[in-house]
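Listed below, chain by chain, are the residues.
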Amino acid sequence: KVSDLRPLKKINKEEKFVRADISKFSDALRITKGVDAVVHLGGYSVEGPWDGILSANIIGCYNVFEAAHRNGVKRILFPSSNHATGFYRRDEIIDHRVYPKPDGRYGVSKVFGEALCSLYADKYDMQMFCIRLGNVNPVPIDKRRLSIWLSPRDLAQLVTIGIEHPDIRFEIVYGVSRNKRSLYDNANAHRLGYQPQDDAESY
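Everything numeric here is computed off the predicted structure, so don't read it as measured data.

Draft legend 1. Geometry of helix α3 (residues 105–124). Look at α3: 28 Å from first C-alpha to last across 20 residues, which is about the 28 Å you get at 1.5 Å a residue. Restricting attention to buried positions, one finds in α3 the residues Y106, G107, S109, K110, G113, E114, L116, C117, Y120 and A121. Tucked into the core, α3 has its buried residues touching α2 (50–70), β4 (75–81), β5 (127–133) and β8 (170–175).

What follows is the structure in structure tokens.
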């Protein structure tokens, strides 16, 4: 089952498209019914006006999590962002245990999502997997992305771990490839079996 605010032009034949606005709880209930896991990619994906971020990334995120809980869904993969920790210095290597330091309203919304993951893991015994995404592209597009790049195939590997790993409760990992210039100690992802195949240094 795939869902979006707008109709999708192309889906695979084994997929079912359901149009939904996650800022409406009734829509969130509808799209999370009868599924085993949620990969929650819906939301405002860049820095923007507060009203848009509030509606999609705060209200929408809560609606999806609460609807999933009510529908008996046990696992959610939440794509967080490097912007949740964007105000750490670039010469400082950080891991998944650092205190959040968001660099904007978008980053704040991702910290909110991670906190919500923690709540639903502890209160409802759900399995929550947070990926602090760097920049997903076929190739890194500038110097900064050499540190935070995530190749599509490495992203697919992380999503597979997030959906299929048997021992997930509440985890935070960084969504980056095996970059020589990485800003992150991604030991927690490696502990769960992540073996990135790509390095931005090639570019």
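Draft legend 2. Summary view of the sheet that holds strand β3 (residues 37–39). Strand order in the open sheet made by the 4 strands is β3-β4-β5-β8, with parallel pairing throughout. If you trace the sheet from one side to the other, it starts and ends with β3 and β8, each paired once. Each adjacent strand pair in this sheet contributes to an overall mean axis angle of 20°, direction not counted. Inspection of the sheet shows β3 paired to β4 by 3 bridges, in the parallel sense. Within β4, the position partnered with A37 by the bridge is R75. Across the sheet, α3 touches β4, β5 and β8, and the angle it forms with β4 is around 155°.

Scoring rules and cut-offs
- Along each chain, numbering runs from 1 in the same order as the chain's sequence is written.
- Local features in a predicted model are, by the rule used here, given only for residues with pLDDT of at least 70; side-chain atom pairs are given and counted only at 80 or more, and totals for whole chains, interfaces and linings are based on all residues.
- Each side-chain value is worked out from all heavy atoms of the structure, with water and hydrogens disregarded.
- In this text, helices come from DSSP runs of H or I with a minimum length of four residues, and strands from runs of E with a minimum of two, each type numbered from the N-terminal end.
- To estimate how far a helix should extend, the number of its residues minus one is multiplied by 1.5 Å.
- Between buried and exposed lies partly exposed: a residue is buried under 20% and exposed over 50% of the maximum accessible area for its type, with that area taken using a 1.4 Å probe on protein chains only.
- Any pair of residues with heavy atoms lying within 4.5 Å of one another is described as a contacting pair.
- Here the rule is simple: two strands pair whenever DSSP picks up at least two bridges between them.
- To obtain each axis, a line is fitted to C-alpha atoms, and for helices this fit is confined to the stretch in contact; angles are then taken between N-to-C directions over 0 to 180 degrees.

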